[in-house]
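Take a look at the letters that make up each chain.
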Number of protein chains: 4
Amino acid sequence: MTAVETFTSARGTPLSKRGERTRRRLLDAAEKVFSELGYYEASIVKITEAAAVSQGTFYIYFESKQQIFDELVADLNRRVRHAMHEASAQGASRAESERLGFAAFFRFTAEHPALYRIIRQAEFVSPAALHDHYAKIAEGYIAGLRQAMAAGDIVTADPEVLAWALMGVGELIGMRWILWDGAEPRQVPEEVFEEMYAFITRGLGTSGGIRDSSSG
Amino acid sequence: MTAVETFTSARGTPLSKRGERTRRRLLDAAEKVFSELGYYEASIVKITEAAAVSQGTFYIYFESKQQIFDELVADLNRRVRHAMHEASAQGASRAESERLGFAAFFRFTAEHPALYRIIRQAEFVSPAALHDHYAKIAEGYIAGLRQAMAAGDIVTADPEVLAWALMGVGELIGMRWILWDGAEPRQVPEEVFEEMYAFITRGLGTSGGIRDSSSG
Amino acid sequence: MTAVETFTSARGTPLSKRGERTRRRLLDAAEKVFSELGYYEASIVKITEAAAVSQGTFYIYFESKQQIFDELVADLNRRVRHAMHEASAQGASRAESERLGFAAFFRFTAEHPALYRIIRQAEFVSPAALHDHYAKIAEGYIAGLRQAMAAGDIVTADPEVLAWALMGVGELIGMRWILWDGAEPRQVPEEVFEEMYAFITRGLGTSGGIRDSSSG
Amino acid sequence: MTAVETFTSARGTPLSKRGERTRRRLLDAAEKVFSELGYYEASIVKITEAAAVSQGTFYIYFESKQQIFDELVADLNRRVRHAMHEASAQGASRAESERLGFAAFFRFTAEHPALYRIIRQAEFVSPAALHDHYAKIAEGYIAGLRQAMAAGDIVTADPEVLAWALMGVGELIGMRWILWDGAEPRQVPEEVFEEMYAFITRGLGTSGGIRDSSSG
DNA sequence: AATGAATGAGCTTTCATTCAT
DNA sequence: AATGAATGAAAGCTCATTCAT
């Protein structure tokens, strides 16, 4: 997982320093173009233009539009999950972890709303990738919830159902207040966060009270 | 809202009986084609072929591919909401209404998974349409929740936040257990529904007990 | 074989008068372009330019470059064989038929050198088509040779081998003196024709003498 | 003709031992790739991959795709003619030489059918190369035929016409029974060879008998 | 001598849309 | 009201060739 990553061309040959830089440029350009235009309106021409390389160059590094998209989604998955994981690891109790994780998720979405749109688009372009994305996030939740149940911190219930319910709450609240609400700074308003959090807390039957912490 | 609908051509002129039939045929064909292929893979040729009319005919009734898609989404939105509304109207208490509404939503998704995917695709094809879709469902929820609060059936809280949270729960649970779980019959398993429902009930602080069932 | 031919679009639908004209224009343009540039150097753009229609129009009538090429080859086959058949049918004896057939073949090649190049190109583009071409010509020869053998006009031998040998002779003589010798008028010089013809006559062991007739 | 060949780079500078090896590797790779795919489907990438060198290296040794193809055709031509010459030199009489030459030609075609297809493809890729190919073979024939005529072994006739007629016979018989007849072992069946040979013998008015065999 | 990244023109094909009939 | 031929822009992709290292 943390082995040194070796980048290769579309043909599988390893890349030189220069090649690696070009590949990076293409990925960055793709991120920009996909998030602005969506997968279908994006095109190789637009991506290569944004990367300031010729069209042919694209195919040195990626096999197709699909492939670069998949790679991008995988990368973003990693980043969202990382952000959430880092944050919730700071929590002393399950309740706090929950709160911090949500806040991190919202923060990521707020900071990279375009990126988050890419992930959502995967539903149609690369369903397997999206499946993976949610499944991986769910995994983390489930483990946490199970522990909390064992510790008697929350109700005893099927952690998988709870995990997906929680993700759903985050998803739509984020969509409504971050993605759609153009208001700057992009963030879930304090009160909304608190209301949502209260709902979740009740839903999980969290015992001990919780306080503090940054919202989103 | 329930005024007699008058169908018009793309130019706005009213339609003859025959014209209305052709228009209907095109809409049905579009529903079929969009649900099977998605917006981008669908094409006017395929739609007109499925409707057994010529390409030119399409533009007598619709201005563009976008327009027929929007119309379709609006139509589907009407149908989902109708199903949910009908169902929850049967409920004696807010809790029961909630339960029945959810079940209806899941049932719709289960019966027309492809259609539901169309709605989700609107996020990229016609963001406004998706916005509308959720906003309208939220409206219904909000009204219901407000009443329940007034009656002291649930906690007092911002009904808008609750509404979006509830939609999120339904959304992801449906995605996970209906859209992704290929198992027939497509439906949210009884236990999953109950677990979810318990979560929601707690979250809403619903007092009185609940009865009945018919999940989805 | 002589049933009324119905032209159809690439999709298989029948064509209007106008459509038929466009299709014809494309076929003519293709003949010109393929013969001047060869299959690989030819392109849809060049063909549609020569036909003065847009690129998209091409695909209304033909599925691909291959398909229009195949159609063209089949058409040319028909024409060469027709010319040869008509001519040799005038012969009173097998010897005369042979002579007239050859002359017709050379005449066709001389008049449409470009077309003949197309047929030869089929060897690589559409081997089956070329196979067919020669096989069909061979058939005609074989039948004629068999009759001549029965009548005692020529030696008794395997007519298939003879047929291919004869085709070979015509092929390379034509290539050498018509296709390569730019001299106008394009035709196999009288003396060459006679020398070749004498060779063949001896080879077939033709009894009765032959005289007269146009060469190429 | 048999002067020591000096290999040079595309620029004309002479090659080192190592350079010569690389050049050879490229030629071998090209032979393989061209024969498997034909000129147009072949690509420099595929050739350099097969030769296990980088794309850039190709252009150190050859000016273009065309050039390496021409060189290859010339090489193959040399090899076919060599095979035919060697064989016919064994013949005691012209008749025998003829027979052996044909057999050798068929044998070469049978052993390297793909290579022979390359030569034929030259007609469109590099007409001059094909012209040369046949012209050189014809030369050999003509010289032989002239001698035979002088010796009274065959009829007196224009040797050039006879030469091309003979090549034609070999060409199409080879095409029909070796190139197209997939049957293994690839070879012209004994009887076919004999029939063809009888035809030629008669055509040349060969006096003296013939013996031996070894067809193709 | 060798590399391999970069180029850009060109290819085949699709498709939303227009328009004469 | 309906047709279907025509358009032309744009798409994804390939490839011979050049050049800095």
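Here the residue numbers are simple positions, counted from 1 along each chain's written sequence. By the order in which they are written, chains take letters starting at A while ligands take numbers starting at 1. Local features in this predicted model are restricted to residues of pLDDT 70 or higher, and side-chain atom pairs are both shown and tallied only at a pLDDT of 80 or more, whereas totals for entire chains, interfaces and linings draw on every residue. Hydrogens are left out, water is left out, and the side-chain values use all remaining heavy atoms of the structure.

- Labelled according to an unreviewed UniProt entry, chain A appears under the name AcrR family transcriptional regulator, originating from Nonomuraea africana.

1. So, the UniProt feature "DNA-binding region" (unreviewed entry) in chain A
So, step 1. Feature annotation in UniProt assigns "DNA-binding region" (unreviewed entry) to the following positions: residues 43–62 of chain A.
So, step 2. A run of DSSP states H or I qualifies as a helix once it reaches four residues; a run of E qualifies as a strand once it reaches two. Both are numbered from the N-terminal end. Secondary structure within residues 43–62 of chain A divides into 75% helix and 0% strand; the distance between the first and last C-alpha atoms comes to 13 Å. UniProt positions are given in the numbering used here, feature names are shortened, and annotations may be inferred rather than shown by experiment.

2. Things to note about the packing of helix 1 (residues 17–41) of chain B against helix 6 (residues 113–125) of chain B
Residues and elements named next belong to chain B.
So, step 1. Where helix 1 contacts helix 6, the two axes come as close as 9 Å, and the packing angle between them is 40 degrees. Here helix 6 runs oblique to helix 1, going by the angle between their axes. Seen along the crossing, helix 1 lies across helix 6 with a hand that is left-handed. Packed against helix 1, whose contacting residues are E31, F34, S35, G38, Y39 and Y40, the element helix 6 presents A114, L115, I118, Q121, F124 and V125 at the interface.
So, step 2. The residue makeup of the contact of helix 1 with helix 6, split by class, is 8 nonpolar, 3 polar and 1 charged. Lines fitted to C-alpha atoms define the axes, with helix axes restricted to the stretch in contact, and inter-axis angles between N-to-C directions lie between 0 and 180 degrees. If an angle is under 35 degrees, it is roughly parallel; if it is over 145, roughly antiparallel; if it lies from 65 to 115, roughly perpendicular; otherwise it is oblique. Rotating anticlockwise by less than a right angle from the far helix to the near helix defines a left-handed crossing, while the corresponding clockwise rotation defines a right-handed one. The criterion used for residue contact is that any of the two residues' heavy atoms lie within 4.5 Å. Side-chain classes follow a simple rule in which Ala, Val, Leu, Ile, Met, Phe, Trp, Tyr, Cys and Pro form the nonpolar group, Asp, Glu, Lys and Arg form the charged group, and the remainder, Gly included, forms the polar group.

3. Here's the deal with the interface of chain C and chain D
So, step 1. Across the contact, 37 residues belong to chain C and 37 residues belong to chain D.
So, step 2. By convention, the term buried area covers the 1.4 Å-probe accessible surface removed from two parts as they join, with the contributions of both added. The junction of chain C with chain D conceals about 3,700 Å² of combined surface from both sides, 72% of it contributed by carbon and sulfur atoms.
So, step 3. Any N or O atom pair separated by 3.5 Å or less is treated as a polar contact, with the protein-specific requirement of one donor-capable and one acceptor-capable atom, and with residues adjacent in sequence counted only for side-chain atom pairs. Counting across the interface, chain C meets chain D through 9 residue pairs in polar contact (both at pLDDT 80 or more).
So, step 4. For the side of chain C that touches chain D, the elements supplying multiple residues, two or more each, are helix 1 (17–41), helix 6 (113–125), helix 7 (127–150), helix 8 (159–179) and helix 9 (190–204) of chain C.
So, step 5. With 14 residues, helix 8 of chain C is the largest single contributor of residues to the side of chain C that touches chain D.
So, step 6. Here the residues of the side of chain C that touches chain D are counted per class, giving 23 nonpolar, 5 polar and 9 charged.

4. Overview of the protein's contact with DNA strand E
So, step 1. If you check the shell around DNA strand E, you find 35 residues, and the closest are T22 and Y61 of chain A, I44 of chain B together with G56 and Y61 of chain D.
So, step 2. Here a residue is considered near a molecule or strand provided that any single heavy atom belonging to it is located within 4 Å of it. Counting only atoms of DNA strand E within 4 Å of the protein, the sugar-phosphate share comes to 62%.
So, step 3. T57 of chain A is positioned with one of its side-chain polar atoms (N or O) 3.0 Å from a phosphate oxygen of DNA strand E.
So, step 4. Q55 of chain B places a polar side-chain atom, nitrogen or oxygen, 2.9 Å from a base oxygen of DNA strand E.
So, step 5. Elements with a minimum of two residues in the surface near DNA strand E: helix 1 (17–41) and helix 3 (55–61) of chain A, helix 3 (55–61) of chain B, helix 2 (44–51) and helix 3 (55–61) of chain C together with helix 1 (17–41) and helix 3 (55–61) of chain D.
So, step 6. Counting residues per element, the surface near DNA strand E draws most heavily on helix 3 of chain D, which supplies 5 residues.
So, step 7. Taken together, the residues of the surface near DNA strand E break down into 13 nonpolar, 17 polar and 5 charged.

5. With respect to the interface of chain B and chain A
So, step 1. Across the boundary between the two partners, chain B contributes 37 residues, which contact 37 residues of chain A.
So, step 2. For the pair chain B and chain A, the summed buried surface comes to about 3,700 Å²; carbon and sulfur atoms form 72% of the total.
So, step 3. Note on definitions: salt bridges are taken to be side-chain nitrogens of Lys or Arg within 4 Å of carboxyl oxygens of Asp or Glu. Scanning the region where chain B abuts chain A turns up 4 salt bridges.
So, step 4. When the shortest N-O distance is used, the salt bridge between E123 of chain A and R120 of chain B registers 2.8 Å.
So, step 5. The tally of links between chain B and chain A comes to 10 residue pairs in polar contact (both at pLDDT 80 or more).
So, step 6. Tallying contributions element by element places helix 8 (residues 159–180) of chain B first for the side of chain B that touches chain A, with 15 residues.
So, step 7. A breakdown of the residues in the side of chain B that touches chain A according to their chemical character gives 23 nonpolar, 5 polar and 9 charged.

6. Describing the protein's contact with DNA strand F
So, step 1. Taken together, 35 residues lie around DNA strand F, and Q55 of chain A, G56 and Y61 of chain B together with T22 and Y61 of chain C are the ones closest in.
So, step 2. Taking all atoms of DNA strand F within 4 Å of the protein, the share assigned to sugar and phosphate is 63%.
So, step 3. S54 of chain B is positioned with one of its backbone polar atoms (N or O) 3.2 Å from a phosphate oxygen of DNA strand F.
So, step 4. Here a phosphate oxygen of DNA strand F and a backbone polar atom of I44 of chain D are 2.8 Å apart.
So, step 5. Among the secondary structure elements, those contributing two or more residues to the surface near DNA strand F are helix 2 (44–51) and helix 3 of chain A, helix 1 and helix 3 of chain B, helix 1 and helix 3 of chain C together with helix 3 of chain D.

7. Things to note about the pattern of salt bridges
Residue and element names in this part refer to chain A.
So, step 1. Applying the stated criterion across every chain, the model contains 49 salt bridges over all chains.
So, step 2. The salt bridge involving R78 is made with D75; its shortest N-O contact spans 3.3 Å. Of this pair, R78 and D75 both sit in helix 4 (residues 65–88), 3 residues apart, which is roughly one turn of that helix.
So, step 3. The exposure class of R78 is partly exposed, given its relative accessible area of 44%.
So, step 4. Taking relative accessible area as the criterion, D75 reaches 19% and is therefore assigned buried. When accessible area is computed with a 1.4 Å probe and restricted to protein chains, residues below 20% of their type maximum are described as buried, those above 50% as exposed, and intermediate ones as partly exposed.

8. Examining the relation of the copies chain C and chain D
So, step 1. Alignment of the copies relies on least squares applied to C-alpha atoms, considering only residues that score at least 70 for pLDDT in both. Note on the copies: chain C fits chain D at an RMSD of 0.6 Å, the axial shift is 0.1 Å, and the rotation between them is 179 degrees. A rotation of that kind, with that shift, is consistent with a two-fold axis. Of every C-alpha in chain C, the one belonging to G203 of chain C sits nearest the axis of rotation, 1.7 Å from it.
So, step 2. The share of interface residues of chain C whose copies in chain D are also at the interface is 100%, consistent with both copies meeting through the same surface.

9. Some thoughts on a positive patch on the surface
Residue and element names in this part refer to chain A.
So, step 1. Like-charged residues within 9 Å of one another, or nonpolar side chains (Val, Leu, Ile, Met, Phe, Trp, Tyr) within 5 Å, are grouped into patches, provided each residue has over 30% relative accessible area and no salt bridge. Accessibility throughout is a Shrake-Rupley quantity obtained with a 1.4 Å probe, and a residue counts as covered only by protein chains that appear here. The positive count covers Lys and Arg only, the negative count covers Asp and Glu only, and His and the chain ends enter neither. By convention, the point assigned to a charge is CZ for Arg, NZ for Lys, CD for Glu and CG for Asp. A cluster of basic residues, K17, R18, R21 and R25, forms a positive patch at the surface.
So, step 2. Structurally, the position occupied by R21 is in helix 1.
So, step 3. When its relative accessible area of 55% is taken as the criterion, R21 is described as exposed.

10. Some points on the arrangement of the chains
So, step 1. Spatially, chain A is disjoint from chain C: no contact exists, and the shortest C-alpha separation is 21 Å.
So, step 2. In this assembly chain B lies apart from chain D, the nearest approach of their C-alpha atoms being 30 Å.

11. Regarding the packing of helix 5 (residues 94–111) of chain D against helix 8 (residues 159–179) of chain D
Residue and element names in this part refer to chain D.
So, step 1. Direction vectors running N to C along helix 5 and helix 8 enclose 40 degrees, while the axes themselves pass 10 Å from each other. It follows from the interaxial angle that helix 5 and helix 8 lie oblique. Note that helix 5 runs across helix 8; the crossing there is right-handed. Between helix 5 and helix 8, the residues in contact are E98, F102, F105, F106, T109 and A110 and L166, G170, E171, I173, G174, I178 and L179, respectively.

12. Overview of unusual backbone geometry
So, step 1. Even without being glycine, A52 of chain B reaches a positive phi, approximately 60 degrees.
So, step 2. Among the structural elements, A52 of chain B can be located in the loop between helix 2 (44–51) and helix 3.

13. A word on the relation of the copies chain B and chain A
So, step 1. Overlaying chain B with chain A gives an RMSD of 0.6 Å, the required rotation being 179 degrees about an axis along which the chain moves by 0.2 Å.
So, step 2. The share of interface residues of chain B whose copies in chain A are also at the interface is 100%, consistent with both copies meeting through the same surface.

14. A look at the packing of aromatic side chains
So, step 1. Geometry of aromatic contacts follows a simple scheme: Phe, Tyr and Trp rings, the Trp one being its six-membered ring, pair when their centres are within 6.5 Å, and the pair is stacked under 30 degrees between planes, edge-to-face over 60, tilted otherwise. Going through the model one piece at a time under the given rule, you end up with 64 aromatic pairs over all chains.
So, step 2. For the pair F105 of chain A and F106 of chain A, a centre-to-centre distance of 5.6 Å together with 55 degrees between the ring planes defines the contact as tilted.
So, step 3. Seen from their ring centres, F34 of chain B and Y39 of chain B are 5.6 Å apart, and the 15 degrees between their planes marks the pair as stacked.
So, step 4. Given a relative accessible area of 2%, F34 of chain B falls into the buried group.
So, step 5. A residue is classified by how much of its surface remains accessible, and Y39 of chain B, at 7% relative accessible area, is buried.
So, step 6. Aromatic ring contacts, followed pair by pair, group F34, Y39, Y40 and F69 of chain A together with F34, Y39, Y40 and F69 of chain B into a single cluster.

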